[in-house]
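# Structural features, examined
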Amino acid sequence: MTVNVNVPEEQLQESDCEPVQQSNGTQVVSEDETTTTTSSDNHNNGKTPKDDATNKEIVEKSPTASGDKSSIDQELIVIQENLYPIKILVPGMEPFEVQVSPQELVQELHQLLKDREGTCHRTCFKLQFNGNTMDNFCELKNIEGMKEGSEVRLVDEMYSVREARLHVRHVRDLLHSLDNVDAHHGSDCSSLCYVNLVTDNDISTDGNLSNNTAAPTVSINNNSSNKQQTDNSGRTSPESPTPAATDNNDNKKTTEHKRRRRAGDQQATNENIVDCTPPDYIMPGAKDRIVTPIHPTSSELMRMDSCIKVVCMSQWNPPPGGRLLHGDLIYLCVVTNEQKRYHITCNPRGFYVNQTDMDTFNPKQVPGAQPFHSLIDLLNHLSPSFKRNFAILNRKRFNRHPFERIATPFQVNCWTAPETPHEVDHVRAEDTFSSRLIVEEHLPGQNTRDWNEEISGTRELPRTTLPERLIRERAMFKVHSDFVAAATRGAVLCVDGNVMAINPGDAKNMRMYIWNNIFFSLGFDVRDHYKDYGGHHAAFYAPSADLNGVKAYGALDIEGLNVLGTAVVDYKGYRVTAQTIIPGILEREQEQSVVYGSIDFGKTIRTTDEFLKLLSKTTKPMHIIPHSIKDAKSESISLQSSIECKGIHGNDKRHYILDLQKSFPPDVNFLPPPEEDVVTSSSSSEVSKFGEKTAPEIVESEEDKERKKKFSRWQPMLAPECIQMGFPRKHRHRLLTHRPELVEAFVEHAYHVFVCHCTTKIVSYRNTEKQQQQQIGSSESGDPPTTTEEEKMKSASESSALVARWQEDAVRSAAKLVGSYRDDEFDIRFNPDIFSPGLNFDQSDEQVEQERRMICDLARFLINNQIPTFIKDCLDHVSAPLDGAALTKALHDKGIGMRYLGKVIPLMKESRPLQHVYKIGILEILLRSAKHVMRPYMQHLDQMSVAHGTSHFFNCLLGTLSTPVPSRPDDQLISKKKKKLRGKNRSAPSSSNNNASGNVTTQATAASANNGGAIGTNGQVATSPQLPWYRFTPEMLWEKITIEAKEYYDFVIEDCSGIDDVVEKYGLQKISFLRRICQVMGVQIQTRDYAFDSKNKAVFVEEDIIRLFPIVKHAPPRASDAAQFFSSAQTKVQQGAIREAFELFSESLNLYTNVYGAVHVEISSCYRQLARLHYMMSEHSEAISSQLKAVILTERCLGVDNSSTICDLMNLALYCFASQKISASLKLLYRARYLILLAHGSDHPEIALVDSNIGLVLHGVQEYDLSLKFLDEALKINEKYHGENSHKAALSHHLLARAHSCKGEFRMALTHEKETFKLYKTLYGEKHDKTKESAECLRHLTEQAVTLQRTMNEIYKNGSTVSFPPLQITAPSMQSVLDLMNIMNGIIFIPLSQKELDAIRKEVLKQQELKQITAAVGKMKTANEQQTPAISSGDSNNKTTPAITSEQQEDALD
């Protein structure tokens, strides 16, 4: 075990006002351990990085998901991968070498050459070795003779029409590789990345703070005059002119040598200047929240000239029959920057200029024209401008980070995009209109992919060894990402009306589609399937719940059991479910297809032994109780899942399960009240849901009525806490289930109770036995009888049998206590059907009540444990969500559904430290209520009115204008006179019909509730059909939002009739509201600064709505082995084994890269952890390199303004400052502060952290005035959210005292340092080191203040002839600033001796042994390892262990 030992903690707060006593800490590493290989960018060979942290290959098995984490060291065997160079021979180029791995595929070598600067324009080629063509899917180690120094020759291949079109497309991509057009438009899996643009590419991996602690020169643009200024240290500020800059006309005779030397000195000075001017919009106190800085621009890229004007397909395409026989493939037309037009022919050998013009077709080669295999080479030959500009473009493209050039696995859309001119792009136009859009892709057998076969086939790949699992998971992820892309495109086409429905005669909301072998259905109750479960509301929710079931069953990965490829797409207010098609399901009726489960809610139930055997493997991990249900014929049918789960035997002999929306326990907190259920269940209409709408055919007997009364009438025994919070509440549908995270948390909690009870019980048995032995011993006085060896062995055997009996009794007692499914072991399960009405369970009443009680206990656990735990995490700042998305994730991690938002948020209202979460929760309630209103509103918009209607909705939602008049697409068809008349009519009824509109809304809501939702409302409060979208008013909208918040979330919005009232009452930001609603509704708006408070003009116009993008939910496959390594590495970090954790994170990164490719959010997590470990080991350059990759991947995979991106930016800023990249550090911090202001505002604890970092950096570069502004703001926020008597407040006071003392303002410094001393004394006592340091600093400041005051008194008394004694003001050292930044960011270096390390190691081993023995008693999984002193306070997400004392455990196991 190695622990980084750095500056002792008591020295980290050394004040700059004290005499300099800086002590540089040293790093102590065990002698038998060496530094691991450092990360590096594979830029030298142009190779896409696969693993920058290690060059190792795993050759033995890795710990599986069910394996023991503690055995990872025994199971992991690694060998060196032995990279070696090979030489690439390219025609027309000098040979060059690349580093390759024996495990690389030849296809990866192809990609390497396509990404290399000199060969990027080649697409149609093959690689040959020793004259033999290399198979693209063959590993290099399997090629005979391949070794170090081998020569691989690139050979151009013959073009086909397909290859020629791909080549032209590749040329287009190269020409547009530096712009963000595709990323803004959300195409081709392009996404945005701004970290290098924000820092002006100032981040590099050289330099280390430990080598140079001098403060750099600072440049501040504060719009002040350039007069010479001198700071307290007597140093000339950088704003004053240098001697070289003060030359006058008398120096004209200066020699050329002197001028050059001065110029060189000036340039060197400018290079050391740090521009740390903060933008006005991020300064503390700034009120304006502008949008434009979210997309920074590069002036260098804007100045770049285009390479060519036009590259397009010629109008003479396709080649006539005669020319086809001559080899012509396609014709191109090119217009260069020199205004020359060329017509180009592509034949199998390449491209050449022909004799065709606009009027004459002559495809023959121009005399003397030279053919080129690459179009780029031909254009270089034809146009000098293209040759020059393309070389510049290609060089800039290659200088970008490789992660910026690789496509993301899933499309990431941004809610705002800048206005860019729509330029001519003929390749894009042809791709749009020549694709198989209307006909082929939705007809079976027309050269489309069989998604079901690909998804199911990849799941059947071998998975015995680790290499096999890697190949399998890589194939699964690739197919899944392709399926999601195709499903997203198909869903958009279906909603836009570009795909023909398979039932075109039905209403639009009832149509179904098949496109590209994918089945699409809309979220409506088409055939009254969910009539008694909520109608359209249930149908809208069912796909999301089904997707959760697909995730759960897919993650189990049971061999032989298949789930459908599923994606849920929300677009234009519609919910579209995309699913793969089971072979043969379209050829027969549903009744004939389903061989397991029920399609009529239990009237008829089917099952097969094959499905029972497969699903029996899922019951324990899914926590499902196998149960039997009697059908209408009173036949008992066994089920291993929910009755809604349907099993289908496909024509491909595979077993499929679908309709998994009830895979988890129902949420009884939101089931209808018991009295309503009684009425419903006993009415004749309740029976009809098992059949048709007509009366039942079978007359109920007395036995049937008694059975129905017995099993249909339930009275959930909710806990008093649930009833006190207003449960059970009637929801809009009855498909609500608990989240899987809640089930896992409940099982873990029950396991802790189980272990505690077992231990207590065994201790009780042992104590009783001791008392009995003592009583027997006291009754038998005299000498003890002698015992033989045989008697001793018999006594030991009896003792062992007694202990075994104790253990058995304890386990049975504990199992009964926690409600275990089995009485001899811990096994928590639930019956997902136990609250389904009308089902006749073939089991005793006691068992039914027990299963219902378990689900009620689960609902109680959510109220009593999870919600308080979430609030405590927020109070302790373990969880600090920045926006609604982060709040949603935090709640979901605790297993709390968003329907509980109206119950959770009011609990935080009176707590001052939780005001930021309270505001975010209020905004999320308003947002989701507005989303429910906007969905049906969007559905009623025709294609011509989408932009107008969306902008009008935003004006009604966020605008101050009381009566916004929308522009309509038919305005151009109406005369000016009619427009004025219509405007008058528009404004008149808006005020007079407010009551009427409210009545309409109320009636529509009531009708929707009574009838299960009107057709077309998508399960939401809908606009009345008689009310067109342009009649919508802010009063009507906010009335609907208020009703929706009350009905859906049980949250009352009082005294708020519009957005201005909401802003004033709750302190919300309009820009934050706009950002969130654009994100959740899939609306992209123009990047400009919106004037929300304008009362004379509408905020939004139709041009502000750029496009609508789909919101996609799917169930991606998981890299199981990589995740196991990652979890084990986190455990090692908790134990303090830094280097072992580094190795495991590196292996996890390698495995993730093998499965996901180079760009994925999980890979960013690995780089984030590696960067933190590098930093803790004082490897600052490597930390910057890894963290830069993490930021790039987070920006590209999650978004440029995601909360994870903000945290990564702050970490990168810290590492940059440690490497003396001061300018980059400040720019990153400014960027992070801006994004937080945009997402939430300045009233957030994270703002205090950012401001403290900014203040410290500015303090380090001696910009004290600016530093004080940020530190003052940090103090205010820390006092509000952490308390005035907290450690954070004390540290902020100390930072302010440092800054004031450096300015010579000793009175202010004394004031703040007194507060620091008082707080440390209260928190830690007088003898603590921090209190002593503060007292010493206070004494020093007092002396300086007294000295300064005496001097001033002497000046006033005797005049200005008195000489100043030198004040002891020391400029801040960069190391001391860095130490304080480490404390602020939760990184603490703890000095430990070897004796302490040994003690920690022994304690860890002891705890591990105790937990293993305790787990053996319960025959369950090993409890999580208990945390030891942590080296880093970040990323501590490990679960806690049961509260059992070590004495109890030792007594129990004695």
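Summary of the structure given here. (Residues numbered from 1 in each chain as written. Predicted model: local features only at pLDDT ≥ 70, side-chain atom pairs only at ≥ 80, totals over all residues. Heavy atoms only, no water.)

## Topic: the sheet that holds strand E28 (residues 1111–1114)
Within the open sheet, the five strands sit side by side as E15-E16-E19-E18-E28. Their pairing is antiparallel. Bordering the open sheet on either side are strand E15 (512–515) and E28, each of which pairs with just one other strand. Neighbour-to-neighbour, the strand axes of the sheet open up by a mean angle of 20°, direction not taken into account. (Pairing = 2+ DSSP bridges. Helix = DSSP H or I, 4+ residues; strand = E, 2+ residues; numbered from the N terminus. Axes fitted to C-alpha atoms, helices over the stretch in contact; angles between N-to-C directions.)

## Points about the nonpolar core
Residues Phe754, Phe870, Phe953, Phe954, Leu957 and Leu1074 are the most contacted members of the largest nonpolar core, which totals 267 residues. Apart from residues no more than four positions distant in its own chain, Phe954 is found in contact with Met934, Gly959, Leu1074, Ile1077, Cys1078, Val1083, Ile1085, Phe1100 and Ile1105. (Core = buried A, V, L, I, M, F, W, Y, C linked by side-chain atoms within 4.5 Å. Buried < 20%, exposed > 50% of the residue type's maximum accessible area, 1.4 Å probe, protein only. Contact = heavy atoms within 4.5 Å.)

## Details of unusual backbone geometry
Geometrically, the link from Asn317 to Pro318 is a cis peptide bond, its omega value of -5° lying close to zero. One can find Pro318 in the loop between strand E10 (310–313) and helix H8 (321–325). Note the cis peptide between Phe727 and Pro728, where omega equals 0°. For Pro728, the position within the fold is in the loop between helix H22 (720–724) and helix H23 (740–779). One non-glycine residue, Asp659, adopts positive backbone phi at about 55°. Among the secondary structure elements, Asp659 is positioned in the loop between strand E24 (655–658) and helix H19 (674–682). Overall, the relative accessible area of 22% leaves Asp659 in the partly exposed class. Even without being glycine, Gln1262 reaches a positive phi, approximately 65°. Here Gln1262 is to be found in the loop between helix H41 (1245–1260) and helix H42 (1264–1281).

## Topic: the packing of aromatic side chains
According to the stated counting rule, one finds 32 aromatic pairs in the structure shown. On the basis of an interplanar angle of 5° and a centroid distance of 5.4 Å, the ring pair of Phe386 and Phe390 is categorised as stacked. In this pair, Phe386 and Phe390 are both assigned in helix H10 (residues 384–399), four residues apart and thus about one turn of the helix distant. We classify Phe390 as buried; its relative accessible area is 6%. Aromatic side chains Phe410 and Phe477 sit 5.8 Å apart centroid to centroid with 80° between the ring planes, which places their arrangement in the edge-to-face category. Taken together, the residues span a long stretch of sequence, with Phe410 in the loop between helix H11 (402–405) and strand E14 (416–417) and Phe477 in helix H14 (residues 466–496) at a distance of 67 residues. Comparing Phe410 with Phe477, the two get one shared label, buried. (Phe/Tyr/Trp six-rings, centres within 6.5 Å; stacked < 30°, edge-to-face > 60°.)

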